[in-house]
Each structure stands twice: as structure tokens, then as C-alpha cells.
Amino acid sequence: MSDESSSTSSSQVVEDFEGELDEEVDSDGGKNQTGRSSPTPLSSFASLRAVIRIKQKYQAMKLRRQEMAHSLAASGLAGAPGRTSPKIFTFDGLTPATFPAFPSVPQKKKRRRKRRVLFPNDGPRKTVPKQERSRATYCLYLLFAIVFVQVYNAIENLDDHVLRYDLEGLEKTLRREVFGQQGAVEGLVYHLKDYLSTYVHNKPLVVSVHGPSGVGKSHLGRLLAGHFRSVVGDALVLQYYVLHHCPREAEAMQCARNLSSLISEMVEKAEEEEKIPLFIFDEAEHMHVEILDVLLQLVASKQSNEYLNAIYLFLSNLGHSHITKHMLQNSSSISMAMTASGRHSNLVKELTPILRNTLKKHHPLWTQADILPLGLLEKSHVMECFLEEITREGFYPDHSNIERLAGEIEYYPVVAGREYSQSGCKQVVAKVNLL
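Residues numbered from 1 in each chain as written. Predicted model: local features only at pLDDT ≥ 70, side-chain atom pairs only at ≥ 80, totals over all residues. Heavy atoms only, no water.

- Labelled according to an unreviewed UniProt entry, the chain appears under the name AAA+ ATPase domain-containing protein, originating from Poecilia mexicana.
- Looking at the Subcellular location (unreviewed entry) heading of the UniProt record, one finds this comment for the chain: "Membrane".
- Database annotation for the chain, UniProt heading Sequence similarities (unreviewed entry): "Belongs to the ClpA/ClpB family. Torsin subfamily." (UniProt positions renumbered as here; feature names shortened; annotations may be inferred.)

Printed below as a string of C-alpha cells:
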């Protein structure tokens with residue numbers, strides 16, 4: 001409905017209402033003339049005044065609307081199409097281009113309201129009760145602390161255990177005293193460090209050193225025995241020479257029993273003192289089968305803890321022919337610039353399978369051992385042996401004299417510029433004694 005129709009209808013209603021009031025007044029007057037009781041003129045006058053007041057307010061509102069329409073037309077918006085019906089104002093159709101005079105205002109991000117705890121108004125406020133932590137959490141923290149302390153102590157004990165045997169001093173001694181076997185020295189010290197880093201083991205350490213005559217096997221055993229005697233004591237180091245302790249084969253069974261009881265006593269004593277004993281068996285190629293069987297039982301069987309904490313070192317020339325043949329045939333392929341440790345690592349990698357197959361045929365004991373081959377000695381190594389022995393005997397270390405003595409030793413044919421000794425340093429002591 002338009003404003004004009006609404007105004008017309010409203011005025012018509014007011015006029016009809018006034019007419020009805022006039023008729024009512026006239027009828028009342030007629031009734032009065034007939035003699036009936038009529039209402040008081042005060043109430044009729046009040047009703048008439050109310051109607052007139054409503055009509056005046058409506059006409060004033062209508063006039064005000066007309067004036068507003070004229071003012072809008074004068075301000076420039078009169079060209080807009082006239083409204084025929086009331087509309088609801090929304091912001092959907094508005095764009096920033098509609099109001100170019102107003103700059104665009106960046107909208108602020110709505111902040112997420114924090115949750116607040118609402119309390120009832122009829123009672124005092126109460127704080128939210130804190131959730132009690134489970135006791136299992138504290139137990140877990142305690143377990144972590146215990147494990148950390150145990151691991152830390154274990155690491156400290158490992159360092160103390162290695163320092164206790166002074167393996168760095170042993171390595172320096174072996175490098176200084178054993179000539180031409182630097183790679184083998186590094187391999188032996190590596191096995192010792194790996195084993196002595198802890199006191200709890202699942203098997204004993206068994207190392208088998210092989211090489212031709214005169215390359216330093218017995219000398220290596222003597223140096224190792226002397227070092228361990230200074231660390232763990234004489235009672236926990238055994239040097240067993242088969243040709244000396246058990247020369248006759250008829251006594252092999254008795255020798256095996258005596259050796260077994262001696263090893264049992266030593267490992268029990270070492271367990272009491274919390275030390276690791278050392279057993280060195282030189283000239284192992286001459287050991288009888290009965291002795292090898294007893295040693296295999298001590299090494300391979302699941303014995304008690306004291307039998308697992310022990311070091312067995314076997315020194316023999318078993319498989320020396322394979323070592324000699326390999327070094328003479330492969331010397332030309334070995335680079336001169338290669339270090340001693342590099343040459344020894346290649347020697348161990350290529351010879352270990354061959355030596356293990358050969359040693360298995362001799363006795364199953366060597367299946368439990370780590371193989372460590374010693375290579376042939378060159379002429380320069382033999383000269384170092386003469387220099388060491390001459391200095392020890394108190395002679396003047398004349399280089400020409402040392403070279404003359406080294407020339408009296410027999411050598412293999414020169415291969416790739418290398419001259420290997422057939423007997424190593426075995427004749428050095430005898431020739432120095434003749435001076």
C-alpha cells in the first residue's frame with residue numbers, strides 16, 4: 001500500500017469516526033428529547049477531543065513526510081525511481097564503488113574469546129579443582145633417572161676398565177718392539193680394547209696369531225705376558241710352551257688334566273679379584289690332540305661366568321706356507337704408498353678364509369678363534385732387529401756393520417722392489433753374539 005492511499009484511508013476513517021460521533025450526539029439529543037436518560041456532556045466532549053488530537057497528530061506526521069520528500073528531491077536523489085512499497089534496507093547490494101568518497105577500512109580480525117568459567121549467582125565462587133597426577137607418572141620419572149644413572153656409571157666403568165689395563169701403553173710398547181707388524185699390532189690391540197671395555201662377556205677372547213718363522217710371534221707373546229703381569233699379577237698370566245711343559249706324547253692325557261685344573265684355579269682367582277687372566281700357548285702347532293680337546297671344552301662350552309672372562313692367545317706357524325705364497329705373489333699388486341695397516345687389512349681379508357679352512361682340518365678349536373696373520377719381514381725390518389739387539393748388547397751401532405750383518409741373512413727373490421727374509425729376525429741374536 002502506498003503513502004497516499006494510506007493517508008486517504010486514514011483521513012476517511014477519521015471522518016467516518018467523526019460522523020459517527022455526530023450521529024451519536026444527535027441520537028442522544030433525540031433520546032433526551034423523548035425523555036430517556038442520556039450520558040453526561042463531559043464524557044462526550046472528552047472523546048471528541050481525543051479524536052481531534054489523533055487527527056491533528058496524523059496530519060502533522062503527513063506534512064513532515066512531504067517536507068522530507070521535497071528536501072531529498074532538492075539534494076539530487078530525486079531522479080531515483082519512486083518507491084511504491086516499503087522495502088527492508090540491507091547491505092547486500094552495496095559495494096565499495098557505490099561510495100567512492102569513503103576510503104576502504106581494513107576489517108579487524110575477530111579475536112577468539114577465551115573460555116570463561118561461569119558460576120551461579122546464588123552461591124560463592126569456587127575454583128576449579130586441579131587434576132591430581134597419577135603416581136605412575138612419578139614412577140616413570142624415577143625409572144628414567146635410574147636408567148640414566150646406570151648408563152652413565154657403565155660408561156664411566158668402561159673407561160676405568162680400559163685404563164686399568166693400560167692398553168695405550170701396551171700399544172706403544174708393541175709398536176716400538178715388534179718390527180714390520182704394525183698392522184697386526186693394531187688388530188691385536190683392537191681385539192683387546194673391544195673385549196676389555198667391559199667385565200661381562202658371553203664368551204672368552206680367543207686370538208690365534210699365525211706366521212712364518214722369525215716374524216715375531218714369540219716376541220709378541222713375551223711382550224704381552226710382561227705387560228699383563230704388571231697389571232694383573234704373575235698368578236693370572238700363564239705362558240705354556242708345549243715342547244717344555246709336555247714334550248712326550250704318552251703324557252698328553254695327564255698334561256691335559258693338569259692344564260685344565262690349572263686354568264680352573266686361575267679363573268676362580270681372577271673372579272675373586274675381578275680381573276681377567278691371560279693364557280698364552282706358544283708353539284701351538286706341536287700341541288697334542290688331548291690338550292686341544294680340553295681347551296676346546298673350556299672355550300666353546302657354556303661354562304660359568306669366570307670361564308667367560310679370560311683371554312686365550314695361540315701362537316703357531318700353521319698355514320705359514322699360505323702366508324708366504326700370498327705375499328710373494330701379490331707384492332707387485334700392493335702399492336708402495338699404502339700404509340702398513342692398509343697392507344695388513346688386505347692380508348687379513350684375503351688370507352683369513354684360507355687359513356680358517358686349513359686350521360679346521362687341524363682341530364675344531366680354531367673355529368672359535370679370531371685369525372691374525374703376520375706377514376714376512378723385509379730387509380729394512382731385519383736391519384731394525386740388528387740395531388735393537390746391538391744397542392741392547394752395548395755395541396756401537398755402526399750402520400755399515402749392521403748392513404753387513406743383514407746381508408748375511410737369506411732372502412727370497414726381489415719382488416716389486418721388496419726383499420723378504422726367509423728366516424725373519426730369527427738369526428739376529430746368534431749373529432750379534434758372535435761379535
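## A word on the overall build of the chain
Move 1: Helix and strand counts for the chain come out as 15 helices and five strands.
Move 2: Out of the 435 residues belonging to the chain, those deemed buried represent 32%.
Move 3: Carbon and sulfur atoms form 55% of the exposed surface of the chain, whose accessible area is close to 29200 Å². (Helix = DSSP H or I, 4+ residues; strand = E, 2+ residues; numbered from the N terminus. Buried < 20%, exposed > 50% of the residue type's maximum accessible area, 1.4 Å probe, protein only. Areas by Shrake-Rupley, 256 points an atom, 1.4 Å probe, with all protein chains shown as cover.)

## What to know about the layout of surface pockets
Move 1: Reported here for the second largest pocket is a volume of approximately 680 Å³.
Move 2: Lining the second largest pocket are 26 residues, and of these G214, G216, H219, R222 and C425 lie nearest its centre.
Move 3: For the lining of the second largest pocket, the elements supplying multiple residues, two or more each, are α6 (217-232), β4 (311-316), α13 (379-393) and α15 (428-433).
Move 4: Tallied by class, residues from the lining of the second largest pocket come to nine nonpolar, seven polar and 10 charged.
Move 5: Looking at the lining of the second largest pocket, you find at least three residues from each of domain 1 (163-376) and domain 2 (382-433). (1 Å grid on protein atoms, 1.4 Å probe; cavity = no way out; pocket = protein on both sides within 12 Å on 5 of 7 lines; lining within 4 Å. Points joined across faces, edges and corners; volume = space filled by probe spheres on them. Nonpolar A, V, L, I, M, F, W, Y, C, P; charged D, E, K, R; others polar. Domains from an automatic or database assignment.)

## Regarding empty space enclosed by the protein
Move 1: Across all of its chains, the model carries one cavity of 30 Å³ or more by this definition.
Move 2: Approximately 40 Å³ is the volume attributed to the largest cavity.
Move 3: Every residue lining the largest cavity is listed: L188, L192, V207, L224, L278, I311, Y312 and L313.
Move 4: Elements with a contribution of two residues or more to the lining of the largest cavity: α5 (182-196) and β4.
Move 5: The leading source of residues in the lining of the largest cavity is β4, at three residues.
Move 6: In the lining of the largest cavity, the residues fall into eight nonpolar, no polar and no charged.

## Topic: the state of the cysteines
Move 1: Tallied over the entire structure, the rule returns two disulfides.
Move 2: The partner cysteine of C246 in its disulfide is C255, sulfur to sulfur 2.4 Å. Residues C246 and C255 are joined through a disulfide that is right-handed, its torsion about the S-S bond being 95 degrees.
Move 3: The side chain of C385 participates in a disulfide bridge whose partner is C425; the two sulfur atoms lie 2.1 Å from each other. (Disulfide = S-S within 2.5 Å.)

## Re the sheet that holds strand β2 (residues 237-241)
Move 1: Reading across the sheet, the five strands line up as β2-β3-β4-β1-β5 and stay open at both edges, with parallel pairing between neighbours. On the outer flanks of this sheet lie β2 and β5 (370-373), each paired with one strand and no other. With strand direction ignored, the average angle separating the axes of adjacent strands in the sheet is 15 degrees.
Move 2: Pairing of β2 with strand β3 (residues 278-282) involves five bridges; the strand directions are parallel. Within β3, the residue paired with Q239 across the bridge is I280. (Pairing = 2+ DSSP bridges. Axes fitted to C-alpha atoms, helices over the stretch in contact; angles between N-to-C directions.)

## Here we look at the side chain of K431
Move 1: Tracing the chain through its elements places K431 in helix α15.
Move 2: Only 3.2 Å separates the side chain of K431 from the side chain of E408, close enough to count as a polar contact.
Move 3: If sequence neighbours within four positions are ignored, K431 has contacts with F386, L405, E408 and I409. (Polar contact = N/O pair within 3.5 Å; in protein donor to acceptor, adjacent residues only side chain to side chain. Contact = heavy atoms within 4.5 Å.)

## Remarks on the packing of aromatic side chains
Move 1: This structure, assessed with the given rule, holds five aromatic pairs.
Move 2: When the ring of Y240 is compared with that of F281, the centres are 5.8 Å apart and the planes differ by 55 degrees; the resulting orientation is tilted. Placement of Y240 in strand β2 and of F281 in strand β3 is noted, with a sequence separation of 41 residues between them.
Move 3: Taking relative accessible area as the criterion, Y240 reaches 6% and is therefore assigned buried.
Move 4: Summarising the aromatic geometry, the rings of F314 and W366 are spaced 6.2 Å apart at their centres and angled 55 degrees between planes, so their arrangement reads as tilted. On the criterion of sequence distance, the pair formed by F314 in strand β4 and W366 in the loop between α12 (340-362) and β5 is long-range, its members being 52 residues apart.
Move 5: Counting every residue linked through ring pairs, the aromatic cluster contains Y240, F281, F314 and W366. (Phe/Tyr/Trp six-rings, centres within 6.5 Å; stacked < 30°, edge-to-face > 60°.)

## A few points about the confidence of the model for the chain
Detailed reading of predicted coordinates is not advised where the pLDDT is low.
Move 1: Overall, the prediction assigns the chain a mean pLDDT of 79, with 70% of residues at 70 or greater.
Move 2: Below pLDDT 50 for its whole length, residues 1-7 participates in seven contacts with residues either more than four positions away or in separate chains.
Move 3: Every residue in residues 24-39 is under pLDDT 50, and counting partners more than four places away or in other chains gives five contacts. (pLDDT = per-residue confidence, 0-100.)

## Quick look at helix α11 (residues 320-330)
Move 1: Three or more residues of α11 are buried, namely I323, T324, H326 and M327. All buried residues of α11 fall inside an arc of 165 degrees around its axis, so they share one side. Facing away from the buried side of α11 by more than 90 degrees, the exposed set consists of K325 and Q329. (Arc of directions from axis to C-beta.)

## Examining the packing of helix α4 (residues 167-177) against α6
To characterise two packed helices, one gives the angle between the axes of the helices and the distance between these axes.
Move 1: In contact at an axis separation of 11 Å, α4 and α6 are set at 150 degrees when each is read in the N-to-C sense. Judged by the angle between their axes, α4 and α6 are roughly antiparallel. Here α4 and α6 pass one another in a crossing that is right-handed. Across from L170, T173, L174 and E177 in α4, the residues of α6 making contact are H219, L220, L223, L224 and H227. (Parallel < 35°, antiparallel > 145°, perpendicular 65-115°, else oblique. Left-handed = near helix turned anticlockwise from the far one by under 90°.)

## Looking at the environment of V232
Move 1: Position of V232 relative to the elements: it lies in helix α6.
Move 2: Its relative accessible area of 5% is what places V232 among the buried residues.
Move 3: Each residue touching V232, except ones within four places of it in the same chain, is listed here: Y165, V237, K275 and I276.

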